Amino acid sequence: MNYTKSELMVVAAARELENDDSVLVGIGKPNLACNVAKRTHAPDLKMVYESGTIGSNPSSPPLSIGDPVLASGAVSIEPMRNGFNYYLQAGRLNVGFLGGAQIDKYGNINSTVIGDYDDPDVRLPGSGGACEIAGHVDRTLMVTPHSERRFPESVDFITSPGFVDGREGRKELGLDGGPEAVITDLAVCRFDEHGEMYVDTLHPNASREEVRAETGWEIEFADDLGTTPEPNEEELRLIRENLDPDEMYTDQGE
Amino acid sequence: MNYTKSELMVVAAARELENDDSVLVGIGKPNLACNVAKRTHAPDLKMVYESGTIGSNPSSPPLSIGDPVLASGAVSIEPMRNGFNYYLQAGRLNVGFLGGAQIDKYGNINSTVIGDYDDPDVRLPGSGGACEIAGHVDRTLMVTPHSERRFPESVDFITSPGFVDGREGRKELGLDGGPEAVITDLAVCRFDEHGEMYVDTLHPNASREEVRAETGWEIEFADDLGTTPEPNEEELRLIRENLDPDEMYTDQGE
Amino acid sequence: MSKVTSMHDAISDGVSDGDSIYLAGFTHLIPFATGHEIIRQEKRDLELIRATPDLIYDQLIAAGCARKATFSWAGNPGVGSLAAFRRAAEDGIPTDLELEEYTHFGLIAALDAGASNLPFAPLRGFIGSDLPEHNDNIARVESPFDDDYVYAVAPIQPDVAVIRAQRADEAGNAHLWGIQGEVKIAGLAADTVVLSVEDLCSEETIRSDPNRTVITSDDVDHVVHDPYGSHPSYAQGYYGRDNEAYIEWAEIASDVDRVEAWLDEWVYGVENRREYIEKLGAGRLLDLQPEHSYATPIDMGAYR
Amino acid sequence: MSKVTSMHDAISDGVSDGDSIYLAGFTHLIPFATGHEIIRQEKRDLELIRATPDLIYDQLIAAGCARKATFSWAGNPGVGSLAAFRRAAEDGIPTDLELEEYTHFGLIAALDAGASNLPFAPLRGFIGSDLPEHNDNIARVESPFDDDYVYAVAPIQPDVAVIRAQRADEAGNAHLWGIQGEVKIAGLAADTVVLSVEDLCSEETIRSDPNRTVITSDDVDHVVHDPYGSHPSYAQGYYGRDNEAYIEWAEIASDVDRVEAWLDEWVYGVENRREYIEKLGAGRLLDLQPEHSYATPIDMGAYR
């Protein structure tokens, strides 16, 4: 099969989702991943969006987390307070997708500022729902390109907590769960017993050297380092024909 | 005009209401009073019920504060939390009706227990919404028969605060507003500068002696003690023909 | 996935002796049929939680099911007091009844904290009242931003909530209209949820109007199709309150023997709600029937 | 009593220089027409509050209306960043922009405290984040019942809230369906409320479905009938999001001269929303039109 890095990332993310998960979906690749999962191995996957739509069944890729396709045909729509209060805070959602300009060794995410908070080099969008998603779901998933700039040893600003300064640090704050996987264009990374990120599988054609060069600290590799499984025909067909025919979120170059 | 004590009480209560009031209505005489007011001098009176119905326009007397006639045709219906949180606590309601087994000199109300809390002589229904109504509206109105048992100098238990131990006491707790009038079958009582109840008008045919005999402390009378105005023809017609034709809450003896 | 079952099975599976239980609904959609099934199955030592205990808790207390009532207003709405509740609270007949007492706002805030996984909920409530002295789950909290203060209540999370709605699909996604009361937060705060409805409907009906949804299938454990399951309270658009029953209960409840006879006839003597309704008779149902009055439609739009 | 007026009069009466203002709506029903009217009337020194500043705040900032943004996510949803917001925050162009920053949950909780007249709202939020160090309106609070803790946010009460809904009567009782966002609490928290709707309807329509009501007339000061007033965002059942406009703005906003030209053409150059829509053209509106999809009716019942 021919496939692009984007397609591999979407499919790898989809395979992280289980049938009985309730997932807080983000826009772009995370939305595609959820829809691939729901149409393949996880038909009961419950998709909830930050905009309060519960059990959405979008007829086309949503343009934003508040797209009307997420509202028409949803099972329920909650006002914002209820969504955060009753769903996220009360533990009704167990998986969340997060993104950010920086992700560090402990899976902490920065989507606030590059540089100093009060005099930033780059002012980023900010937390949105991310900080509390990171705090309240069981497993957070990150889908992001691999680059040294994006993977510093320590983020400039913690917008959304990963394992903070290790699994113990997170626990001491009273937070359960934590980062589960970081899916890049080179590898799938996971977190060890100390809460430190390591490479679990390398994508086909990606090398350890590439990953080392694009990571801001001496990242470890799994002893039994594997290769990320390739997308199958059905998954690619879904992306290309149904979910993202206009290549808004995937380059589908054949 | 012939009228009964119940009818006079309803009409006296109705006349306490102003056109731009938002009133938290209770069942029975308060409901009749509000409907008399709305159909006479206060057409814009906004009637809100503890059950969360806003702008109700009941076609017949509601049997409870959650009667379907209060929901059908209401302007809005709020879940219980919103009603208390956004409407009552946030000061959107300015008048409330309260009742209780005991009302004391400072307008404090007991609807919890007669006797000791942990070993009561009589277990009463409890606060319901009353405690916070008493705390948050500008003016509370009480409609109750006059008897020594019901008007002790000091209540056995403060369920709903009046002026507590005087106007200063209430203010120190951070509460505005307070008791406005107590409408009995003998008189209309109000509260002086210290927050103490006094008789403002005696009903036609009622005497100071009767009031004294039925009040548990030496109640004062206004220097310019007046006579409660009688119901007019239109008010009586509304009660008898439209609002309480079955005499559920008024004896309409001719 | 269908969760439809009988009330018998829902209660025998969902409710255990000693449970805390919230039969939800503020004057509207009170789960009377569920209460009667609990009595028939002779559940014991229940903590009955509910803002307004109403007749159904009076009946549960009279039948000996309760050890505790957590409440904010215990009366027969529009009629008077609850005789069985008082008999238990004042004289321990048929069982002692521990009381945990709130105001409406306080109880609803506690339930909201329970539904929200918060350690407390703040409210401007209880101020000037003697209630906080008698309930350790009410505490004063200072504002961290100024010299203001509030009272806080501890979260309430019932073992079981029983909620009613007009319609739901087989998975337990439910639409409720009219007075909402505390139905949603009771369902969200509880471990186990029994949902009972007037009508079963398609999932498409639910999805046609997602803003009408009060609770979704993930929070519901059992779905019971139980028409007239709220009689003698009411269901908006389906039937009105049967006021005679409320007035009648006030008389019955004051006499232990009459209570026994009533329970024998109307609870133990019928197998389920269907038999109760048949016994009630069609004429009485007709008298409670409103005229139709439909909401003005809304267009959700189909987007591509 | 009718509160219907023009957007011009609503803004000239309702908004003053220096006000704090909340244009409500979470991706849905964003009050773009109102934002443009504020720009046309050259309001200055506004504190713009909004979870998601979106294009409309980028335009207000670019036009020099703002001194401060209180927010939780400043981006062009689904597209990228807000160039004018960044230019002001990073380089003070055209004005310095003070930032007060929250998470979504934190900002919404603060607005809820404002709507509720509470001195603070508790949430399990901000935990493990660096944000609380940079905002004095976020503070840690210990539970009075156990050794648990939460963060609290101080109340937000905007001077003005602008909210949109699909339909309202002339007095300002409004029905909103689809994504609700923070519309209700923004309206309840603010002193002055400007309500703008796709359709004016009868009071009977509102009263036919009271559970659909998002805000009532007592809280509304001005009602504006402004069809397509949320373009290029969307109105559920009326039109979809005009994604071209979102993508186009991302390009325009990065260049100060192009921003000026765009404002001249689409804001200063039209008198009101009607002219803007006429300029947009019928073809574009048609492309945004969904098919009809009506909610399954409900029967409220008429009771006697």
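Above this text sits the structure in question.
Residues numbered from 1 in each chain as written. Chains lettered and ligands numbered in written order. Predicted model: local features only at pLDDT ≥ 70, side-chain atom pairs only at ≥ 80, totals over all residues. Heavy atoms only, no water.

Caption draft 1: Representation of the overall build of chain A. For chain A, the count of helices and strands is eight helices and 14 strands. Against the compact-globule benchmark of 18 Å for 254 residues, chain A has a radius of gyration of 18 Å, which places it among compact chains. Across its three principal axes, chain A shows a C-alpha extent of roughly 45 × 45 × 35 Å. Among the 254 residues that make up chain A, the fraction classed as buried is 67%. Considering only intrachain contacts with a sequence separation of at least 6, the fraction spanning at least 24 residues in chain A is 63%. Surface accessibility of chain A: about 9000 Å² in total, with carbon and sulfur atoms responsible for 41%. (Helix = DSSP H or I, 4+ residues; strand = E, 2+ residues; numbered from the N terminus. Rg over C-alpha atoms; globule rule 2.2 N^0.38 Å. Buried < 20%, exposed > 50% of the residue type's maximum accessible area, 1.4 Å probe, protein only. Contact = heavy atoms within 4.5 Å. Areas by Shrake-Rupley, 256 points an atom, 1.4 Å probe, with all protein chains shown as cover.)

Caption draft 2: Seen up close, the overall build of chain C. A count of helical and extended segments in chain C gives 11 helices and 15 strands. Taking 304 residues into account, the globule formula puts the C-alpha radius of gyration at 19 Å, and chain C, at 20 Å, falls close to it. Based on the C-alpha atoms only, the size of chain C along its principal axes is roughly 65 × 55 × 35 Å. In chain C, the share of contacts with a sequence separation of at least 24, taken over all contacts with a separation of at least 6, comes to 74%. Just so you have it, chain C exposes about 9800 Å², and 42% of that area is on carbon and sulfur atoms. Within chain C, the 53 negative side-chain charges are centred at a point lying 4 Å from the centre of the 23 positive side-chain charges. (Lys, Arg positive; Asp, Glu negative; His and termini not counted. Charge placed at Lys NZ, Arg CZ, Asp CG, Glu CD.)

Caption draft 3: Up close: the sheet that holds strand β9 (residues 138-142) of chain D. All names here are of chain D. As summarised here, the arrangement of the three strands in space is β8-β10-β9, forming an open sheet in which the pairing is antiparallel. At either end of the open sheet lies a strand with only one pairing partner, and these are β8 (121-123) and β9. Strand-to-strand twist of the sheet, defined as the mean angle between neighbouring strand axes without regard to direction, takes the value 40°. Where β8 lies against strand β10 (residues 149-153), three bridges are found, and the strand directions are antiparallel. Looking at the pairing, Leu123 lines up with Tyr151 of β10. Contacts from helix α5 (residues 104-116) reach β8 and β10, with the element oriented near 155° to β8. (Pairing = 2+ DSSP bridges. Axes fitted to C-alpha atoms, helices over the stretch in contact; angles between N-to-C directions.)

Caption draft 4: Molecular detail of the relation of the copies chain D and chain C. Superposition of chain D onto chain C requires a rotation of 180° combined with a translation of 0.0 Å along the rotation axis, giving an RMSD of 0.0 Å. In the structure described here, the two chain copies are related by an operation that fits a two-fold rotation axis. Proximity to the rotation axis, assessed at the C-alpha, singles out Pro297 of chain D in chain D; its C-alpha lies 3.2 Å from the axis. Mapped onto chain C, 100% of the interface residues of chain D are again interface residues, and the two copies thus contact each other with one and the same surface. (Least-squares fit on C-alpha atoms with pLDDT ≥ 70 in both.)

Caption draft 5: Representation of the interface of chain D and chain C in the model. With 53 residues of chain D at the interface, the matching set in chain C holds 53 residues. Summing both sides of the interface, chain D and chain C together bury roughly 4500 Å²; the carbon and sulfur share of this comes to 58%. Along the contact surface separating chain D from chain C lie four salt bridges. Between Arg304 of chain D and Glu291 of chain C there is a salt bridge, and its shortest N-O distance comes to 3.7 Å. Summed over the shared surface of chain D and chain C, the result is 33 residue pairs in polar contact (both at pLDDT 80 or more). (Buried area = accessible area lost by both parts, 1.4 Å probe. Salt bridge = Lys/Arg side-chain N within 4 Å of Asp/Glu carboxyl O. Polar contact = N/O pair within 3.5 Å; in protein donor to acceptor, adjacent residues only side chain to side chain.)

Caption draft 6: Up close: a negative patch on the surface. Negative charge collects at one region of the surface, where Asp116, Asp118, Asp119, Asp121 and Asp156 of chain A lie side by side. The class for Asp156 of chain A is partly exposed, based on a relative accessible area of 38%. (Patch = residues over 30% accessible without salt bridge, like charges linked within 9 Å, V, L, I, M, F, W, Y side chains within 5 Å.)

Caption draft 7: Fine view of the interface of chain B and chain C. Listed as interface residues are 39 residues of chain B and, on the opposing side, 41 residues of chain C. Across the contact surface, chain B and chain C share two salt bridges. Salt-bridge contacts for Asp112 of chain C lead to Arg81 of chain B; the nearest nitrogen and oxygen are separated by 3.4 Å. The tally of links from chain B across to chain C stands at 21 residue pairs in polar contact (both at pLDDT 80 or more). Counting residues per element, the ones that place at least two in the side of chain B that touches chain C are α3 (68-71), α4 (80-89), β9 (120-123) and α5 (130-136) of chain B. The element contributing the most residues to the side of chain B that touches chain C is α4 of chain B, with five residues.

Caption draft 8: Quick peek at the packing of aromatic side chains. Residue and element names in this part refer to chain D. Under the definition given, this model contains 20 aromatic pairs over all chains. Arranged with centres 5.4 Å apart and planes meeting at 70°, the rings of Trp266 and Tyr276 form a pair that is edge-to-face. Here the residue Trp266 occupies a position in helix α9 (residues 256-268), and Tyr276 occupies one in helix α10 (residues 273-280), the gap between them amounting to 10 residues. Since its relative accessible area comes to 5%, Tyr276 is described here as buried. (Phe/Tyr/Trp six-rings, centres within 6.5 Å; stacked < 30°, edge-to-face > 60°.)

Caption draft 9: Structural detail: the state of the cysteines. Residues and elements named next belong to chain B. Counting across every chain of the model gives zero disulfides over all chains. Cys189 provides the cysteine sulfur closest to Cys34, a residue in no disulfide bond, and the two sulfurs are 20 Å apart. Judged by relative accessible area, Cys34 falls into the buried class, the value being 0%. (Disulfide = S-S within 2.5 Å.)

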